[in-house]
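Tertiary structure, described
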Amino acid sequence: MTSTPQPVSQPQSDLSAAIPDTFYGGVIGYLERQTDAPRGFLYGAVLMTTAAVIGNKVKIRVGRDEIRPNLYMIFLAGSSINRKTTGVMFTKKTLQELERHLTVEFLMPESGSLEGVIEVMREPRTGETKVVMNTGIACYSEFSSFLDNIRKDYNSGYESFILDVYDGNDHKRKLKKEDSSIKSPCLSILGGITMAQFKQRIRETDKHSGFLQRFLFCYEPDRSRTLKSMVQRDDPEPDEEKLFYDNLIEIYRTAEAIRATGKSFHLSPEAVAEYQLSFEADMAEIHRIKTTNSDLGEMLFGYLSRLDVVKFKIAMIYEVVKMAAHGVDPAHNDLVISAKSMQEAIAAVTYFWEAIKHLLSSEFEFSPYAQKRQKIEGILRKAGGRMTNRDLLKKSNMIATEYKAVLSTAVYAGIMVEEEEKQGSGQTKHFVRLV
């Protein structure tokens, strides 16, 4: 018999051990003077920016696996006031400016279809000339739209595509009666969403899927910093801005120099020891969770397996940034991940791990009420987000009292609104609309 789930307390947002002094500490401190966005979102934005700049130019071999530094990340906010969009737009605007400096593309085009994404990333066909963008980042300030989009009928296969390219596997697909091939993909994804929006869109099966397990959650349930007025925020400083972009350019050039060598990163003996200690501690924690809640423990194990790989990804990103800052020439030096970089990466993964433990045990629950509410939301989305109260009740196949209870709770939670509309006949129609 499965025991009652024990909620995990809300995660602590202390990221000090995860933020290297080199580059990251200075940039995050600079941004904190200009915005009241949570430190977790600022950290995530800077990390994703550097991951995109480095792209598929570097790799590390662990056993038979070849790991690239791409990441999937969601800024999950308790409400819109938590500045999730601030973090996403920082990465997007920074990379737009960097593209102008380097005439290199980092941002994936905002295509609404799977075919559009594949078209950008695929190899040229025989006799065809095209720009191949098999590495880059897709940024979604409204991640809810992305989730809605990938589940549309014409985007069948989008989720499996995202799973496949995350692991850097070459991707082949017959597209419009032609074969398309994507070689060495290194796609990163960054999005921002509120808890209410996210819970509207995930299903019970998503909690167990490889799709959700590949995402890192920067979760900020409450406002962690004092709200600043517009005049309390510092303006960007020209010297600091120039230094910031100069550093990013040097990171890009260092990554390019690494690619030219053909070398792979490897762990120092001290980094191996740090990683092994963290792995054993993670396995011991999973064992403890399983003794009190076997279902939660099994589910968390799937997430932890993915996070274990992220330690190598983040440590590799950190090491490239440090090499750029210290002027290390990859052609004449080994590509070694230090114990310090591994320690910092482990601290970062701990932040994401604490978040997902709390979310899976306390937030992503699916009661009978939640299932009925999601059924109504699904009907509304298929109808364009709005339909008459009468038609919605009919399509839900619920009894009137049950339907009204679900609707009133959803309205109170701010998920839906009821609207009245005067008709030409003088009658009033009652509508329900998704917020």
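Below, the structure is looked at part by part.

What counts and what doesn't
- Residues numbered from 1 in each chain as written.
- Predicted model: local features only at pLDDT ≥ 70, side-chain atom pairs only at ≥ 80, totals over all residues.
- Heavy atoms only, no water.
- Pairing = 2+ DSSP bridges.
- Helix = DSSP H or I, 4+ residues; strand = E, 2+ residues; numbered from the N terminus.
- Axes fitted to C-alpha atoms, helices over the stretch in contact; angles between N-to-C directions.
- Contact = heavy atoms within 4.5 Å.
- Buried < 20%, exposed > 50% of the residue type's maximum accessible area, 1.4 Å probe, protein only.
- Phe/Tyr/Trp six-rings, centres within 6.5 Å; stacked < 30°, edge-to-face > 60°.
- Lys NZ or Arg CZ within 6 Å of the ring centre and 35° of its normal.
- Polar contact = N/O pair within 3.5 Å; in protein donor to acceptor, adjacent residues only side chain to side chain.
- Core = buried A, V, L, I, M, F, W, Y, C linked by side-chain atoms within 4.5 Å.
- Expected span 1.5 Å × (residues − 1).
- Parallel < 35°, antiparallel > 145°, perpendicular 65-115°, else oblique.
- Left-handed = near helix turned anticlockwise from the far one by under 90°.
- Nonpolar A, V, L, I, M, F, W, Y, C, P; charged D, E, K, R; others polar.
- Salt bridge = Lys/Arg side-chain N within 4 Å of Asp/Glu carboxyl O.

1. Some words on the sheet that holds strand β7 (residues 186–194)
- If you trace the four strands from one edge of the open sheet to the other, you get β4-β7-β3-β8, paired in parallel fashion. The sheet is open, and its two edges are formed by β4 (135–140) and β8 (215–220), each paired on a single side. Averaged over all neighbouring strand pairs, the angle between strand axes comes to 15°, with direction disregarded.
- Sitting on the sheet, helix α12 (residues 339–363) is in contact with β3 (72–77) and β8, with an inclination near 80° to β8.

2. Some thoughts on unusual backbone geometry
- Although it is not a glycine, F23 sits at a positive phi angle of roughly 65°.
- With respect to the helices and strands, F23 occurs in helix α1 (residues 21–32).
- Residue S184 is not a glycine yet carries a positive backbone phi of 45°.
- Mapped onto the elements of the fold, S184 is located in the loop between β6 (178–182) and β7.
- For S184, a relative accessible area of 31% gives the class partly exposed.

3. Some points on helix α5 (residues 143–150)
- Counting buried positions along α5 gives six out of eight residues, so the element sits mostly inside the fold.
- Three or more residues of α5 are buried, namely F143, S144, F146, L147, N149 and I150.

4. A short note on the environment of V53
- Looking at the secondary structure, you find V53 in helix α2 (residues 39–54).
- Residues V53 and S156 lie 103 residues apart in sequence; the distance between their C-alpha atoms is 30 Å.
- Not counting residues up to four positions away in its chain, the partners in contact with V53 are L95, L98, F106, L248, I251 and Y252.

5. Here we look at the packing of aromatic side chains
- Applying the stated criterion across every chain yields a total of 21 aromatic pairs.
- Judged by centre distance (5.9 Å) and plane angle (85°), the ring pair of F146 and Y158 falls under edge-to-face. One end of the pair, F146, is in helix α5; the other, Y158, is in helix α6 (residues 158–166), with 12 residues separating them in the sequence. Y158 shares its class with F146; the two are buried.
- Taken together, Y72, Y140, F143, F146, Y158, Y166, F211 and F215 form an aromatic cluster joined through their ring pairs.
- The ring of F301 is capped by K290, whose NZ or CZ atom sits 5.5 Å from the centre of that ring.

6. Some remarks on the environment of K130
- Structurally, the position occupied by K130 is in the loop between α4 (114–121) and β4.
- Separated by 11 residues in sequence, K130 and E119 have C-alpha atoms that sit 9.9 Å apart.
- Dropping the residues within four chain positions of it, K130 is found in contact with E119, V120, R122, E123 and P124.
- Engagement of the side chain of K130 in a polar contact is seen with the backbone oxygen of R122, the distance being 2.9 Å.

7. Looking at the nonpolar core
- Counting residues in each nonpolar core, the largest one holds 117 residues, and the members touching the most others are Y43, L76, F198, F265, I314 and F352.
- In terms of residue count, helix α11 (residues 294–325) provides more of this core than any other element does, 17 residues in total.
- Once residues within four sequence positions are removed from consideration, F198 is found in contact with I74, L76, L147, I193, L212, F217 and F364.
- Judged by nonpolar contacts, the second largest core, of 14 residues, contains I379, M387, L392 and M398.

8. Focus: helix α9 (residues 238–261)
- A rise of 1.5 Å per residue sets the reference length of α9, with its 24 residues, at 34 Å; its end C-alpha atoms lie 35 Å apart and thus fit the reference within 8%.
- If you check which residues of α9 are buried, you get F244, Y245, L248, I249, I251, Y252, T254, A255 and I258.
- Where α9 is buried, its residues touch α1, α2, α3 (84–102) and α11.
- Directly after α9, the chain includes G262, whose backbone phi takes a positive value near 75°.

9. Re the packing of α11 against α12
- For the pair α11 and α12, the least separation of the axes is 8 Å and the interaxial angle reads 150°. One element, α11, and the other, α12, form an angle in the roughly antiparallel class. Relative to α12, the crossing made by α11 is right-handed.
- Of the residues contributing to the contact of α11 with α12, the split by class is 20 nonpolar, two polar and six charged.

10. Quick word on the pattern of salt bridges
- Using the criterion set out here, one finds 27 salt bridges in the structure.
- Notably, a salt bridge pairs E66 with R68, separated by 3.2 Å at the nearest N-O pair.
- Given the relative accessible area of 31%, E66 is considered partly exposed.
- In this structure, E419 and R386 form a salt bridge, with 2.9 Å as the shortest nitrogen-oxygen distance. One end of the pair, E419, is in strand β12 (residues 416–422); the other, R386, is in strand β11 (residues 386–388), with 33 residues separating them in the sequence.
- Look at E419 and you get partly exposed, because its relative accessible area is 22%.
- Residue R386 is classed as partly exposed on the basis of its relative accessible area, which comes to 29%.
- Members of the salt-bridge network, linked through shared partners, are R386, E419, E421 and R433.

11. Some words on the sheet that holds β11
- Ordered by their spatial adjacency, three strands build an open sheet running β11-β13-β12, and the pairing between neighbours is antiparallel. Of all strands in the sheet, those with a lone pairing partner are β11 and β12, marking the two edges. Taking the axes of each pair of neighbouring strands and ignoring which way they run, one obtains an average angle of 30° across the sheet.
- One ladder, built from three bridges, connects β11 with strand β13 (residues 428–434); its direction is antiparallel. Among the inter-strand pairings, M387 is bridged to a residue of β13, identified as V432.
- Against the sheet, helix α14 (residues 389–396) engages β11, β12 and β13, with an angle of about 95° to β11.
- Sheet strands touched by helix α15 (residues 400–412): β12 and β13. Its angle to β12, the strand with the most contacts, is close to 105°.

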